[in-house]
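# Results of the structural survey
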Amino acid sequence: MNDIWWQTRGEGNVHLVLLHGWGLNAGVWDCITQQLASQFTLHLVDLPGYGRSGGFGAMDLDAMAQCVLRQAPDRAIWLGWSLGGLVASQIALTHPERVEALVTVASSPCFSAHEEEQWPGIKPAVLAGFQRQLSEDFQRTVERFLALQTLGTESARQDARRLKAIVLDAPVPSVDVLNGGLEILRTADLRAGLDGLRLPFWRLYGRLDGLVPRRVAGLLDTRYPQSPSLMFDKAAHAPFISHPDEFCESLLRIRHCLENNRNPSDT
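Residues numbered from 1 in each chain as written. Predicted model: local features only at pLDDT ≥ 70, side-chain atom pairs only at ≥ 80, totals over all residues. Heavy atoms only, no water.

Selection criterion: UniProt positions are given in the numbering used here, feature names are shortened, and annotations may be inferred rather than shown by experiment.
The protein appears in an unreviewed UniProt entry as Pimeloyl-[acyl-carrier protein] methyl ester esterase from Atlantibacter hermannii NBRC 105704. The record in UniProt for the protein states the following under Catalytic activity (unreviewed entry): "6-carboxyhexanoyl-[ACP] methyl ester + H2O = 6-carboxyhexanoyl-[ACP] + methanol + H(+)". Check the Subunit (unreviewed entry) section of the UniProt entry for the protein; it says "Monomer."

### Structural notes on empty space enclosed by the protein
Put simply, the rule is: Cavities and pockets were defined on a 1 Å grid built over protein atoms only: a cavity is a set of grid points that admits a 1.4 Å probe from which the probe cannot escape, a pocket is an open set flanked by protein on both sides within 12 Å along at least five of seven lines, and lining residues are those with an atom within 4 Å of any such point. Grid points are joined across faces, edges and corners, and a volume is the space filled by probe spheres set on the points. Strands here mean DSSP runs of E at least two residues long; helices mean DSSP runs of H or I at least four residues long; both are numbered from the N terminus. Here the nonpolar group is Ala, Val, Leu, Ile, Met, Phe, Trp, Tyr, Cys and Pro; Asp, Glu, Lys and Arg are the charged ones; every other residue, Gly included, is treated as polar.
This structure, assessed with the given rule, holds four cavities of 30 Å³ or more. Each pocket or cavity is described by its volume, and for the largest cavity that value is around 70 Å³. Lining the largest cavity are 13 residues, with Thr-104, Ser-108, Pro-109, Leu-194 and Phe-201 sitting closest to its centre. Looking at the lining of the largest cavity, the elements that each hand over two or more residues are α3 (83-94) and β6 (201-206). Each residue belonging to the lining of the largest cavity can be placed in one class, and the counts come to seven nonpolar, five polar and one charged.

### Looking at the UniProt feature "active site" (unreviewed entry) in the protein
The following threshold applies: A 1.4 Å probe rolled over the protein chains alone gives each residue an accessible area, and that area as a share of the maximum for its type sets the label: buried under 20%, exposed over 50%, partly exposed in between. The criterion used for residue contact is that any of the two residues' heavy atoms lie within 4.5 Å.
The residues that UniProt annotates with the feature "active site" (unreviewed entry) are Ser-82, Asp-209 and His-237. Of the residues just listed, which span 156 residues, no C-alpha pair is farther apart than 11.0 Å, and they cluster in one region. Along the chain, the position of Ser-82 falls in the loop between β4 (76-81) and α3. Classification of Ser-82 by relative accessible area gives buried; the value is 7%. If sequence neighbours within four positions are ignored, Ser-82 has contacts with Gly-21, Val-105, Ala-106, Ser-107, Phe-111 and His-237. Its place among the elements puts His-237 in the loop between β7 (229-232) and α10 (239-242). Given a relative accessible area of 0%, His-237 falls into the buried group. Apart from residues no more than four positions distant in its own chain, His-237 is found in contact with Trp-81, Ser-82, Ala-106, Gln-149, Asp-209, Leu-211 and Val-212.

### Here we look at the pattern of salt bridges
As a reminder of what qualifies: Salt bridges are defined by distance alone: a side-chain nitrogen of Lys or Arg within 4 Å of a carboxyl oxygen of Asp or Glu.
Scanning the entire structure with this criterion turns up 10 salt bridges. A salt bridge links Arg-52 to Asp-46; the shortest N-O distance between them is 2.8 Å. The partner of Glu-117 in a salt bridge is Arg-191, with the nearest N and O atoms 3.0 Å apart. Pair noted here: Glu-117 is in the loop between β5 (99-105) and α4 (124-136) and Arg-191 is in helix α8 (residues 191-195), with a separation of 74 residues, a long-range link. Judged by relative accessible area, which is 6%, Arg-191 ranks as buried.

### Looking at the UniProt feature "binding site: substrate" (unreviewed entry) in the protein
As annotated by UniProt and renumbered to match this structure, "binding site: substrate" (unreviewed entry) occupies Trp-22, Ser-82, Leu-83, Phe-145, Leu-146, Ala-147, Leu-148, Gln-149 and His-237. Tracing the sequence through the fold places Trp-22 in the loop between β2 (15-19) and α1 (30-36). Residues within four places of Trp-22 in sequence aside, it is in contact with Tyr-50, Leu-83, Leu-134, Val-142, Phe-145, Gln-149, Leu-178, Gly-181, Leu-182 and Leu-185.

### Focus: the environment of Ala-238
The topology assignment puts Ala-238 in the loop between β7 and α10. Take Ala-238: its relative accessible area is 6%, and that puts it in the buried class. The sequence separation of Ala-238 and Gly-84 amounts to 154 residues, and the corresponding C-alpha distance is 12 Å.

Below, the structure written as structure tokens:
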């Protein structure tokens, strides 16, 4: 059985597991690890098949979550960005005893739009198009998806270049693994499961996000009244890259709430 790439940094007495998004690797967190390392013990993970976690094929959401959980600390705050938010949410649903708190970043329990329910998201045809294009022009498809993640921000070009450099700085995932990730984004729907979540749960968003529309935050504010949301006004899909200081401050506030046994909805 293969192990995934896992690195632990920091000296804080609270464990924080960081899960990246589609197509990328744990290098996305380099812009905030130095600020957080004095407050948390950070666990940086390359999801199976991504970056330095080679030797894995495409996985469904549950298999990916179980694979990550095997090397995780007994109890931690789980923070997942985008696709990583689905993985972290799945772990919270299946193994809540391992989760001190769930934090999702620019993520949705259901990424696909459902017009009949008036649920905002990515149109299934768009995700299917990305899957088809991967086999035709791998590099261009990945670059296009990365560009969508920073679109609209003041630092969009710079942030897109940084994301591309992170991808190229580690082994590139196979087409099968990337297709598997897109299939998770296309089909996963954890909305009903999270209705019954009984552990601390925060949701962080970028107002300019083109992949997770800001309407998602409002709908989930109503659906999950126990789970507060925080909106970064000038950020898109990667607020920790475009606004690292504000992002780290929000995580420190979350830690403070946990240490003082405050309800997330009080933030």
